[in-house]
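Chain by chain, the residues:
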Amino acid sequence: MIEILDDDSQASIQDRGRFGWRAIGVGSSGAMDALALERANLLVGNAADAAAIEIPGTPLRVRFRTAVQFALVGAGAAAKLDGRELLPDSTSPAHADAELQVERPSVGTYSYLAIRGGFEVPVVLGSRSTHLRGVFGGHEGRVLARGDLLAHGPANADAKGVFGLTPPRTTLALPGDAPGIAHVRVLPAAEYDRFAHASRAAFWTTAWKISAQSNRSGYRLIGPNLDLETPLEMRSHGLLPGVIQAPNGGTPIIQLADAFTAGGYPKIGTVIAADLWRVAQAPLGSALRFVQVDYAAARAAQAVLDADRARVRMWIDLCRGLGA
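As the structure is a prediction and not an experimental result, all values here were calculated from the model.

1. So, the confidence of the model for the protein
Chain-level statistics for the protein give a pLDDT mean of 92 and a share of 98% at 70 or above. Within the protein, the element-level pLDDT minimum falls on strand E12 (residues 163-164), averaging 86, and the maximum on strand E21 (residues 287-292), averaging 98.

2. Some points on the sheet that holds strand E5 (residues 68-74)
Overall, antiparallel pairing links the 6 strands, which are arranged E2-E3-E10-E5-E8-E12 in an open sheet. Edge strands, defined here as strands with exactly one partner in the open sheet, are strand E2 (12-14) and E12. For strand E3 (residues 52-56) and strand E10 (residues 110-115), the ladder comprises 4 bridges, and the chain directions are antiparallel. Its bridge partner lying in E10, glutamate 54 is registered against tyrosine 112. Its contacts with the sheet put helix H1 (residues 34-43) on E2, E3, E5, strand E8 (90-94), E10 and E12, and the angle it makes with E5 is roughly 155 degrees.

3. Some details on the sheet that holds strand E17 (residues 243-245)
Taken in spatial order, the 7 strands close into a barrel running E13-E20-E17-E18-E15-E14-E21, and their pairing is mixed. Here the strands of the sheet are splayed against their neighbours by 40 degrees on average, with no regard to which way each runs. Where E17 meets strand E18 (residues 253-255), 2 bridges bridge the pair, whose relative direction is antiparallel. From the neighbouring strand, glutamine 245 faces E18, where its bridge partner is isoleucine 253.

4. Remarks on the nonpolar core
Formed by 46 residues in total, the largest nonpolar core has its most connected members in Ile254, Leu288 and Phe290. The biggest single contributor to this core is H1, with 5 residues. Two domains each provide a minimum of three residues to this core, namely domain 1 (2-170) and domain 2 (181-293). For isoleucine 254, the contacting residues outside a window of four places in its chain are Ser217, Gly218, Tyr219, Leu221, Gly242, Val243, Ile244, Val271, Val279, Leu288 and Phe290. Among the nonpolar cores identified, the runner-up in size contains 27 residues, and Ile13, Val62, Ala94 and Ala98 belong to it.

5. Remarks on the domain arrangement of the protein
Segmenting the protein into domains produces domain 1 (2-170) and domain 2 (181-293). Just the C-alpha atoms count here: the centres of domain 1 and domain 2 sit 28 Å apart. Domain 1 puts 22 residues into the contact, and the matching count from domain 2 is 19 residues. A combined buried area of about 1600 Å² lies between domain 1 and domain 2, and 50% of that area is made up of carbon and sulfur atoms. The largest contributions to the domain 1 side of the interface with domain 2 come from Arg22, Met32 and Arg133, which together make up 42% of the buried area. At the boundary of domain 1 and domain 2, one finds 1 salt bridge. Residue glutamate 54 is joined to arginine 216 by a salt bridge in which the shortest nitrogen-to-oxygen separation is 2.7 Å. On inspection of domain 1 and its partner domain 2, the count reaches 9 residue pairs in polar contact (both at pLDDT 80 or more). Classifying every residue of the side of domain 1 that touches domain 2 by side-chain character gives 8 nonpolar, 9 polar and 5 charged.

Calculation rules
- One numbering rule holds for all chains: residues counted from 1, following each sequence as written.
- Reporting in this predicted model follows two pLDDT cut-offs: at least 70 for local features of residues, and 80 or more for side-chain atom pairs to be given and counted; totals over whole chains, interfaces and linings ignore these cut-offs and use all residues.
- As a convention, hydrogens and water are excluded, and side-chain values are obtained from all of the structure's heavy atoms.
- Confidence of the prediction at every residue is given by pLDDT, a number between 0 and 100.
- Counting from the N terminus, the helices are DSSP H or I runs at least four residues long and the strands are E runs at least two residues long.
- Being paired, for any two strands, means DSSP has found at least two bridges between them.
- Two residues qualify as a contact provided that any one of their heavy atoms is within 4.5 Å of a heavy atom in the partner residue.
- Here an angle of 0 to 180 degrees is reported between the N-to-C directions of two axes, which are lines fitted to C-alpha atoms, with helices fitted over the stretch in contact.
- In this description, a nonpolar core means a group of buried Ala, Val, Leu, Ile, Met, Phe, Trp, Tyr and Cys residues linked to one another through side-chain atoms lying within 4.5 Å.
- Note on exposure labels: buried denotes an accessible area under 20% of the residue type's maximum, exposed denotes more than 50%, and partly exposed covers the range between, all computed with a 1.4 Å probe on protein chains only.
- All domain edges in this entry derive from an automatic or database-based domain assignment.
- Put simply, buried area is how much 1.4 Å-probe accessible surface two parts lose in total, over both of them, once they are put together.
- When a carboxyl oxygen of Asp or Glu is within 4 Å of a side-chain nitrogen of Lys or Arg, the pair counts as a salt bridge.
- Under the rule applied, a polar contact is a pair of N or O atoms within 3.5 Å (in protein, one hydrogen donor and one hydrogen acceptor; residues adjacent in sequence only if both atoms are side-chain atoms).
- As a working rule, the residues Ala, Val, Leu, Ile, Met, Phe, Trp, Tyr, Cys and Pro are called nonpolar, Asp, Glu, Lys and Arg charged, and the rest polar, with Gly in that last group.

Right, dumping it as structure tokens:
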């Protein structure tokens, strides 16, 4: 059992999300950074898609009511267990009544707290994720609050010691990445050619600032307005995380985990699946630069990501085999 000690953290229970329900208006929800969720779960010996606590760049304190093995992965948030500093992106045992303090991250946004055995919240439409707009899933369909008690499944093996991972912002960095600016690879979308030439050029050359009016539904960007060559009336059509819409005479919006399932704004681009974690970890106020790629390059990027995931699995298996 885990006790939440803070209000206003905006933390929630998330797994990889629920799929197959968009046709009836139910979005996927799920982790903003699915890569960090997977790594946190693997570190504690869970299935990669087990439910964890998603911490969106805010401080959070929890008490472990029982001895557990846990991992904290994602944003570079300083964390302490009973006052002892923890290594980033690592797993560690905690004794009964130990208190974990997670601070605001200095790098990145989303962190994931995984517990060996996973969190035992109800499965709704095939997922344990919190659907905040629909008020279902997760823990009572809402963000976590002080006094909440969260059950976790039984450990399927003995707890291990302390070991960790090099974060993907290091192993998967792209040319030009720097503090405060991340590069994201994008495919031109269906209405790309309907935008004015100057707007298309600005889309690729602007360092787009992430607005404070951003959340799990989408990141609103600050920069030059993107204009169409001619006015365009569109019926609402299906949306997925990664789609970049450009309202008429406005700036881009990147649809993310809690995005609506349909919308009518023109689409100028789509963030490739392999880079959605980069968008999620870009802090509010930082900048994104879009890099144009084609389908072959997007597939190649996914292959690089999959190879890194395989390397991480091998490292974790090796550490467990050595009794770390």
